[in-house]
Structure formats: C-alpha cells, structure tokens
Amino acid sequence: MGGVYSEYLSSSKVREHYNYTKENPDTKDTPSRQVASALIILLCCAIVVENLLVLIAVARNSKFHSAMYLFLGNLAASDLLAGVAFIANTLLSGSVTLGLTPVQWFAREGSAFITLSASVFSLLAIAIERHVAIAKVKLYGSDKSCRMLLLIAASWLISLVLGGLPILGWNCLGHLEACSTVLPLYAKPYVLCVVTIFSVILSAIVALYIRIYCVVRSSQADVAAPQTLALLKTVTIVLGVFIFCWLPAFSILLLDYACPVRACPMLYQAHYFFAFATLNSLLNPVIYTWRSRDLRREVLRPLQCWRQAAGVQGRRDRTPGHHLLPLRSSSSLEKGMHMPTSPTFLEGNTMV
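Cut-offs and rules
- Residues numbered from 1 in each chain as written.
- Predicted model: local features only at pLDDT ≥ 70, side-chain atom pairs only at ≥ 80, totals over all residues.
- Heavy atoms only, no water.
- Helix = DSSP H or I, 4+ residues; strand = E, 2+ residues; numbered from the N terminus.
- Buried < 20%, exposed > 50% of the residue type's maximum accessible area, 1.4 Å probe, protein only.
- Contact = heavy atoms within 4.5 Å.
- Areas by Shrake-Rupley, 256 points an atom, 1.4 Å probe, with all protein chains shown as cover.
- Phe/Tyr/Trp six-rings, centres within 6.5 Å; stacked < 30°, edge-to-face > 60°.
- Lys NZ or Arg CZ within 6 Å of the ring centre and 35° of its normal.
- Salt bridge = Lys/Arg side-chain N within 4 Å of Asp/Glu carboxyl O.
- Axes fitted to C-alpha atoms, helices over the stretch in contact; angles between N-to-C directions.
- Left-handed = near helix turned anticlockwise from the far one by under 90°.
- Patch = residues over 30% accessible without salt bridge, like charges linked within 9 Å, V, L, I, M, F, W, Y side chains within 5 Å.
- UniProt positions renumbered as here; feature names shortened; annotations may be inferred.
- Polar contact = N/O pair within 3.5 Å; in protein donor to acceptor, adjacent residues only side chain to side chain.
- Core = buried A, V, L, I, M, F, W, Y, C linked by side-chain atoms within 4.5 Å.
- Disulfide = S-S within 2.5 Å.

> Would you mind going over the overall build of the protein chain with me for this structure?
Broken down by element type, the protein chain carries 12 helices and zero strands. Its helices and strands in sequence order give the protein chain the pattern α-α-α-α-α-α-α-α-α-α-α-α, from N to C terminus. Of all 352 residues assigned to the protein chain, the portion counted as buried reaches 41%. A sequence separation of at least 24 residues applies to 79% of the contacts in the protein chain between residues at least 6 apart. For the protein chain, the accessible area works out to roughly 18600 Å², and carbon and sulfur atoms hold 66% of it.

What follows is the structure in structure tokens.
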C-alpha cells in the first residue's frame, strides 16, 4: 500500500502517463495558447462575479429564502466554485502540467469533478422541490429549513466523495493500459461510472419535469398559477442549458472509454469541449436574472449603487472649488438660514 501511494509524490508519473496516452504531448505555451488561456481566465472571472452577485442577493433578501431560491443559490455556489476551479486548471495546464505530481494533478482535475457533481445534485434537488410544490406533498414538515440544509450538505458530501475517488485509489497509476486518454491518470472505468451516474440523474430529472408538466396541465387553476408556471419554466431552461452545454463533454468521455489508446485523434481536442461546458456556469445567472424581475433588481443593485457613487464623485471632481464650499453650521440650520450651495454638492448629500 505504501508503494502505491508513494507514486503520488513522484514528479515523473504525470509525464509517463501523458507520453503513453498521447502521441505528442503538446504542452508548450505558444502565443495562441497564452491568448486562449487569458480569455478563459477572463470568462471564469465573469462567472465568479455573476454567481457571487446572485449569492449576495439570495442571502441578504428574505424574499429569496424559500426552498426554490435556496437551491438556486446552491447551484450558484457550485457554478462560482466551478469558475475558480477552471481558473486553477488553466493556470496549472500547458507547460506546468508535466511538472505536477499525481497529487497535484488529482487536485486540479478533482475540483472540476466535484463542482460538476454539485451542479447535477443541485438540479436534482430543484426538480424534487418543484415536484413537491406542484404536487402539494408535505415532504419537509415543520423543520423545513433544517431538512433543506441537510439535503444541500448531503449533495456536497456526495460530490466530494465522487470527485475524490481517484485520489483515494481509483486511478490507473501502475496500470497504463487502463488509463483514459482525455484524463491520463484517471482509470477508464471511473470515467464511465461518473458519466453514467450523471446521465441517470439527468434522465430522472427530465422524467420528473415531464411528470410535473402533466400534473400542471391536468390540475386546477391554483396549481397552474402564473408564478408557479414562471418558476417551472425557469428551472426547465436551466436544465436544458446544462444538458446542451455538457452533452458534448459527456459524449467525448464516452468516446474516450470506447477508444483504445491513440486510436481516436478527436480525443486530443477534448479541452475545447470542456471549455464549451464552462459556458453553463456563465449562463445560469443570466437565466435567473432574466426570468425573475425581483432577483434581477436585487442582483443589479450593488452595480447601480457603485455606478451612481462613481458618477457623483466624478461630477464633484469636475466641479471647480467644490472642496472649498462652506459647510452649514448647526445654528444656521436651526434658524432656517439659506446659504448658496452647489447643486452638485446637494446631489451628493442626497445620495449619501
């Protein structure tokens, strides 16, 4: 056992696996690759900012403390962490890759798998919540909030276990013939297992939404209220975008399992498929804010406040001698005395 885990710190193992699974491991930092990496990092920074604004909006407004919005907040948290994980993945790719130890490599790739798992389980929790709301099932009971938090915690725990299986031992160190081409230190059975689990969960979610729509079409007007239908459409769009963005990546991983080593050159372009999948984390906050006027107003409030404050400060800076304006004394205010003041200064006080 000690001999197996001692390989985790070997600086030559990653190079060995890449040389075996890839005809010509291209890890040089060419100008085009550097530009692509910079664009990906900018994209991921936008993902982090967007989802952070959604989390702040959900946390500070009690209107969004219902089960539906808490699960959407959990999805936003997984998307935010996905952006962070993809930034780390990009910075540790290219010429850095072959210098990593297996532990570092597993941490780099495992973080992406963990956030992906959290997103899938969040979608499952949202589907269950919508079914509960539509079917009027008393699932949560009196300790509703506690049960929701436990469900969210369980989804993250399962995601951590699922993403951490390779570093716990389910990998192909010492078994090169069992290695994935796309992820050269992952065992092909593990990749197939993860894709199968995600596919089964997503299929179950689709079936659950079909059932929900059938219930809505055959129910009374109170169940098919406009607000209920709007929320249902929103989460359905979120699910559809997730499948659209991740289906190519899942397909390339299934092809990876089926292809012998170096038999499918398309697998060497897998990074394009995963970059496309990352767009899902960018689009989700756009969907939330586009579909919900209240959430859109709450998400944009910090940006509006910052812009207004910057505008006021800019007008003050452009006003000659604004810093020399006399301040009103308390006695002058009490006596109702009026002093000539700058409109810009008054506007600034109004904003404060």
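> Mind showing me how you'd approach the packing of aromatic side chains here?
Within a pair of aromatic rings, the relevant descriptors are the distance that separates the centres and the angle that separates the planes. If you walk through the whole model with that rule in mind, you get 13 aromatic pairs. Between the aromatic rings of Tyr-186 and Tyr-190, the centroid separation amounts to 5.2 Å while the plane-to-plane angle is 75°, which identifies the pairing as edge-to-face. The residues Tyr-186 and Tyr-190 share a single accessibility class, namely buried. Cluster of aromatic residues (ring-pair linked, three or more members): Tyr-8, Trp-105, Phe-106, Phe-113, Trp-170, Tyr-186 and Tyr-190. Between Arg-291 and the ring centre of Trp-290, over which it is positioned, the NZ or CZ distance is 5.6 Å.

> I tried to follow the pattern of salt bridges on my own but got confused; where do I start?
It is possible for side chains bearing opposite charge to pair when their charged atoms get close. This structure, assessed with the given rule, holds eight salt bridges. Of the charged contacts in the structure, one is a salt bridge between Arg-60 and Glu-298, with a shortest N-O distance of 2.8 Å. Of this pair, Arg-60 sits in helix H3 (residues 31–60) while Glu-298 sits in helix H10 (residues 293–318), placing them 238 residues apart in sequence. Assessed through its relative accessible area of 5%, Glu-298 is described here as buried.

> Please explain the packing of H3 against helix H9 (residues 270–291) as it appears in this structure.
Helix-helix packing is characterised by the crossing angle of the two axes and by the distance between the axes. Two elements in contact, H3 and H9, have axes whose closest approach is 9 Å; the angle formed by their N-to-C orientations is 35°. Handedness of the H3/H9 crossing: left-handed. Residues Leu-43, Cys-44, Ala-46, Ile-47, Glu-50, Asn-51 and Val-54 of H3 lie in contact with H9, whose contacting residues are Thr-278, Leu-279, Ser-281, Leu-282, Pro-285, Val-286 and Tyr-288.

> How should I be thinking about a nonpolar patch on the surface in this particular structure?
Together, Val-35, Leu-39 and Leu-42 line one region of the surface with nonpolar side chains, adding up to about 310 Å² of accessible area. Mapped onto the elements of the fold, Val-35 is located in helix H3.

> Before we go on, may I ask you to explain the UniProt feature "transmembrane region" (unreviewed entry) in the protein chain in this structure?
Within the UniProt annotation, "transmembrane region" (unreviewed entry) is assigned to residues 35–58, 70–92, 112–128, 149–169, 189–210, 230–250 and 270–290. Across residues 189–210 one finds 100% helix and 0% strand; the C-alpha atoms that close the span lie 31 Å apart.

> In this structure, what is going on with the side chain of Asn-171? I would like to understand it.
Relative to the helices and strands, Asn-171 resides in the loop between helix H6 (144–168) and helix H7 (188–217). The exposure class of Asn-171 is buried, given its relative accessible area of 11%. Polar contacts involving the side chain of Asn-171 include one to the side chain of Tyr-8, which spans 2.9 Å. Asn-171 has contacts with Tyr-8, Phe-106, Pro-166, Leu-185 and Ala-187, leaving out every residue within four places of it along the chain.

> I'm lost on the nonpolar core in this one. Help?
One recurring pattern in soluble globular proteins: nonpolar side chains tend to sit buried together. Core analysis: the largest hydrophobic core is formed by 74 residues, its most contacted members being Trp-105 and Tyr-209. Look past the residues within four positions of Trp-105 in its chain and what remains in contact with it is Val-14, Tyr-18, Leu-100, Leu-183, Pro-184, Leu-185 and Tyr-186.

> What am I meant to see in the state of the cysteines here?
Covalently bonding the sulfur atom of one cysteine to the sulfur atom of another cysteine gives a disulfide. Within this structure, the stated rule accounts for two disulfides. Here Cys-172 connects covalently by a disulfide to Cys-179, the sulfurs 2.1 Å from one another. One quick way to see it: the torsion about the S-S bond of Cys-172 and Cys-179 is about 105°, and its sign makes the bridge right-handed. The side chain of Cys-259 participates in a disulfide bridge whose partner is Cys-264; the two sulfur atoms lie 1.8 Å from each other. The sign of the -70° torsion about the S-S bond sets the Cys-259-Cys-264 disulfide as left-handed. Exposure remark for Cys-259: the relative accessible area of 8% places this residue in the buried category. In the protein chain, the bonded cysteines, numbered by position in the sequence, are linked as 1-2, 3-4. There is no disulfide at Cys-44, and the cysteine sulfur nearest it, in Cys-45, is 7.2 Å away. Given the relative accessible area of 0%, Cys-44 is considered buried.

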